[in-house]
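If you want the building blocks of each chain, they are given just below.
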Amino acid sequence: VSSMVLSRRAEPASNEDPDLWKVDGMRVFPCADRRFRNDQEMIFYFNVYNPGVDDISGHPKVAVSLSLVRDGRPVGLQFPIFELSELESQPLPHIQVARAIKMGNLPPGTYVLRAEVLDRSRGKAITTQASFELVP
């Protein structure tokens, strides 16, 4: 998997926009300071490279589960599990993962968003993560 990029902003992409950070017709703008407020949506983006392909469907079967950690301890915020199967072939086989999530009403501080990626076709798991700060 690639490194996780965090963002506050995504806009419709044009054909002239570079392919970097472009997914489902939207362009994600990375947030260099990785500082968010509870009332903002946080967008995360990463790529899963060379996923296995299911013998029956011919598509990848990838599940992404998210967790939030603060001071080394899990935060009790529940996120849905994302099932992904859309494979991009160029420049090499990969699945783009991009979603917007809300933090709810968490106290200010430094957090880590962790994504566990399970390639169901290969039975392998890998993790990517990014730290960020919630500010008042």
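Scroll up to find the structure this text is about.
Described in the following lines is the structure provided in the data block. (Residues numbered from 1 in each chain as written. Predicted model: local features only at pLDDT ≥ 70, side-chain atom pairs only at ≥ 80, totals over all residues. Heavy atoms only, no water.)

**Concerning the overall build of the protein**
For clarity, the cut-off: Per the convention used, a helix needs a DSSP run of H or I reaching at least four residues, while a strand needs a run of E reaching at least two, with both numbered from the N terminus. A radius of gyration in this sense is built from C-alpha atoms; the matching globule rule multiplies 2.2 Å by the number of residues raised to 0.38. Summary of the burial criterion: residues with accessible area below 20% of their type's maximum are buried, those above 50% are exposed, and those between are partly exposed, where the area comes from a 1.4 Å probe applied to protein chains only. Pairs of residues are marked as contacts when any of their non-hydrogen atoms sit within 4.5 Å. Note that accessible areas follow from Shrake-Rupley with a 1.4 Å probe, and for residues the cover is restricted to the protein chains shown.
A count of helices and strands for the protein gives 0 helices and 11 strands. Helices and strands in the protein line up, N terminus first, as β-β-β-β-β-β-β-β-β-β-β. A globule of 136 residues ought to have a C-alpha radius of gyration of about 14 Å, and the protein, at 15 Å, matches this closely. Over its C-alpha atoms, taken along the principal directions, the protein stretches across nearly 50 × 40 × 20 Å. Looking at the protein as a whole, 39% of its 136 residues are labelled buried. In the protein, the share of contacts with a sequence separation of at least 24, taken over all contacts with a separation of at least 6, comes to 64%. Working note: accessible area of the protein is about 8100 Å², and carbon and sulfur atoms make up 48% of it.

**Structural notes on the side chain of Ser 2**
Defined as follows: Whenever a nitrogen or oxygen atom comes within 3.5 Å of another N or O atom, the pair is scored as a polar contact, on the condition that within protein one atom can donate a hydrogen and the other can accept it, and that pairs from neighbouring residues in sequence are kept only if both atoms are in side chains.
The topology assignment puts Ser 2 in the segment before β1 (5-12). Of note is the side chain of Ser 2, whose polar atom sits 2.8 Å from the backbone nitrogen of Asn 47. Once you skip the residues sitting within four places of it in the chain, Ser 2 turns out to touch Phe 46, Asn 47, Tyr 49 and Thr 128.

**Focus on the packing of aromatic side chains**
Here is the rule we go by: Geometry of aromatic contacts follows a simple scheme: Phe, Tyr and Trp rings, the Trp one being its six-membered ring, pair when their centres are within 6.5 Å, and the pair is stacked under 30 degrees between planes, edge-to-face over 60, tilted otherwise.
For the coordinates displayed, the defined rule picks out 4 aromatic pairs. Relative to Phe 82, the ring of Phe 44 has its centre 6.2 Å away and its plane inclined at 55 degrees; by these criteria the two rings are tilted. Of the two residues, Phe 44 is situated in strand β5 (residues 41-49) and Phe 82 in strand β8 (residues 82-84); the sequence distance between them amounts to 38 residues. Through a chain of ring-to-ring contacts, three or more aromatic side chains come together here, namely Phe 36, Tyr 111 and Phe 132.

**Here's the deal with the nonpolar core**
A general trend in soluble globular proteins is that nonpolar side chains are found buried together. Under the convention used in this document: To qualify as a nonpolar core, a set must consist of buried Ala, Val, Leu, Ile, Met, Phe, Trp, Tyr and Cys residues joined through side-chain atoms within 4.5 Å.
Ranked by size, the top nonpolar core spans 28 residues in total, and within it Phe 44, Val 64, Leu 113 and Phe 132 carry the most contacts. Where this core is concerned, the elements lending two or more residues are β5, β6 (62-70), β8, β9 (94-102), β10 (109-119) and β11 (124-134). By size, the runner-up hydrophobic cluster in this structure holds 6 residues, among which are Val 5, Val 23, Val 28 and Tyr 45.

**Here's the deal with the pairing of β1**
Using the following cut-off: Note: two strands are recorded as paired if DSSP finds a minimum of 2 bridges between them.
Across 3 bridges, β1 lies against β5 in antiparallel orientation. Considered in β5, the bridge of Val 5 is made with Tyr 45. Judged from the 5 bridges that link them, β1 and strand β3 (residues 26-30) form a sheet pairing that is antiparallel. The residue bridging Pro 12 from the neighbouring strand is Met 26, located in β3.

**Let's talk about unusual backbone geometry**
For Asn 50, which is not a glycine, the phi torsion comes out positive at approximately 50 degrees. With respect to the helices and strands, Asn 50 occurs in the loop between β5 and β6. Taking relative accessible area as the criterion, Asn 50 reaches 39% and is therefore assigned partly exposed. In the Ramachandran plot, Asp 71 falls in the positive-phi region, its phi being about 55 degrees despite a non-glycine side chain. Within the secondary structure, Asp 71 sits in the loop between β6 and β7 (73-75). Overall, the relative accessible area of 63% leaves Asp 71 in the exposed class.

Read these as geometric descriptors, not functional statements.
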